Amino acid sequence: MPERKQFVVIGLGRFGGSVCKELVNQGHEVLAMDTDEEKVNIYANIATHAVVANSTDESALKSLGIRNFDNVVVAIGDNIQASILTTLVLKEMGVKNVLVKAKNDYHHKVLEKIGADQIVHPEMDMGRRVAQQMSDEKVIDFIELSDEYSIVELIATAKIEGKTLIDLDIRAKYGVTILAIKKGDDINISPQPDYEICFGDLLIVIGHNKDIRRFEDIAM
Ligand code: ATP
């Protein structure tokens, strides 16, 4: 069970709302905030606390004790000015980790300059994810570690069925590493070299994107 943490989520649109629900599901305490009373009423039953407040109002944030929270999510979308001002106030108050949803590149740049700790573009990221997944049917899921490196989940095809990791000699031939193999609900961490791959196994592979693609194209 992860350590129980305290979060503030400002802006209860689709993104902020879903962040709030998931944090609560994960067992954390969440103070949800929005200027819209209707939204706050909905989240009153979901979040630990829900308040109607304008996050650009520094005195309101102070009276809510926001400076005592280490993690704040700013999920204000359309009102870029409010998002920027809120981030600025939070960083000036000394909040350690401020994650902000950015609407566009200009917004991102300003957020970076004023000290936002994490900046996310959920629509753009999801669009890329969906496109990458749709364009490659062998990739079941992936995590981008950087622009160049990823962890991908690949489904084992008939081409490698019955082969062992020694037969495939993956690291030497392709420069990628199999971190784990999933079979249904079972996960085999650091599979042994003599592990025999079955059709439908999910191979969790880490490496340079170029090498992963080469492995997929030639071996799978
Ligand atoms: P999503 O795509 O996540 O649904 P969005 O990007 O369209 O959202 P908005 O709907 O503009 O974003 O804003 C999200 C929420 O933030 C709204 O519920 C809005 O009332 C709230 N909000 C906007 N400004 C403030 C503010 N200054 N303080 C608190 N909440 C605010």
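Residues numbered from 1 in each chain as written. Predicted model: local features only at pLDDT ≥ 70, side-chain atom pairs only at ≥ 80, totals over all residues. Heavy atoms only, no water.

As recorded in an unreviewed UniProt entry, the protein chain goes by Trk system potassium uptake protein TrkA and comes from Evansella vedderi.

## Quick word on the overall build of the protein chain
When helices and strands are counted, the protein chain shows 9 helices and 11 strands. Relative to the globule expectation of 17 Å for 220 residues, the C-alpha radius of gyration of the protein chain, 22 Å, shows a markedly less compact shape. Projected onto its principal axes, the C-alpha coordinates of the protein chain cover approximately 65 × 35 × 30 Å. Restricting to contacts in the protein chain with at least 6 residues of sequence separation, those with at least 24 account for 52%. (Helix = DSSP H or I, 4+ residues; strand = E, 2+ residues; numbered from the N terminus. Rg over C-alpha atoms; globule rule 2.2 N^0.38 Å. Contact = heavy atoms within 4.5 Å.)

## Some remarks on the sheet that holds strand β10 (residues 186-189)
Pairing is antiparallel across the open sheet formed by 5 strands, whose spatial order is β7-β8-β11-β9-β10. The open sheet is flanked by β7 (139-144) and β10, the only strands paired with a single partner. For this sheet, the mean angle separating the axes of adjacent strands, direction not counted, is 20°. Where strand β9 (residues 177-183) meets strand β11 (residues 202-208), 5 bridges bridge the pair, whose relative direction is antiparallel. Bridging across to β11, Ile178 finds its partner in Val205. (Pairing = 2+ DSSP bridges. Axes fitted to C-alpha atoms, helices over the stretch in contact; angles between N-to-C directions.)

## As for the site of the ligand
Near the ligand lie 21 residues; those nearest to it are Arg14, Phe15, Asp34, Asn54 and Lys101. Phe15 is positioned such that a nitrogen or oxygen atom in its backbone is 2.8 Å from an oxygen atom of the ligand. The backbone of Asp78 places a nitrogen or oxygen atom 3.0 Å from an oxygen atom of the ligand. For the ligand, whose accessible area on its own is 640 Å², the fraction buried by protein is 84%. More than half of the atoms of the ligand fall within 2 Å of the grid points belonging to the largest pocket. (Near = heavy atom within 4 Å. Polar contact = N/O pair within 3.5 Å; in protein donor to acceptor, adjacent residues only side chain to side chain. Areas by Shrake-Rupley, 256 points an atom, 1.4 Å probe, with all protein chains shown as cover. 1 Å grid on protein atoms, 1.4 Å probe; cavity = no way out; pocket = protein on both sides within 12 Å on 5 of 7 lines; lining within 4 Å. Sits in = over half its atoms within 2 Å of the grid points.)

## What to know about helix α9 (residues 209-219)
Residues of α9 that are buried include every one of Asn209, Asp211, Ile212, Phe215, Glu216 and Ala219, and no others. The buried residues of α9 occupy one face: seen down the axis, they fall within an arc of 165°. Exposed positions of α9 whose direction lies more than 90 degrees from the buried face are Lys210 and Asp217. Contacts made by the buried residues of α9 are with β7, β8 (149-155), α8 (170-174) and β11. (Buried < 20%, exposed > 50% of the residue type's maximum accessible area, 1.4 Å probe, protein only. Arc of directions from axis to C-beta.)

## Focus on the layout of surface pockets
The computed volume of the largest pocket comes to approximately 440 Å³. What lines the largest pocket is a set of 24 residues, and nearest its centre among them are Gly11, Gly13, Ala75, Ile76 and Gly77. Broken down by secondary-structure element, the contributors of at least two residues to the lining of the largest pocket are α1 (14-25), β2 (29-34) and α6 (122-135). In terms of residue class, the lining of the largest pocket is built from 9 nonpolar, 7 polar and 8 charged. Along its surface, the second largest pocket is lined by 13 residues, and Gln132, Val139, Val152, Arg213 and Glu216 are the ones closest to its centre. Taken together, the elements giving at least two residues each to the lining of the second largest pocket come down to α6, β7, β8 and α9. Sort the elements by how many residues they give to the lining of the second largest pocket and α9 lands first, with 4 residues. By residue class, the composition of the lining of the second largest pocket is 4 nonpolar, 5 polar and 4 charged. (Points joined across faces, edges and corners; volume = space filled by probe spheres on them. Nonpolar A, V, L, I, M, F, W, Y, C, P; charged D, E, K, R; others polar.)

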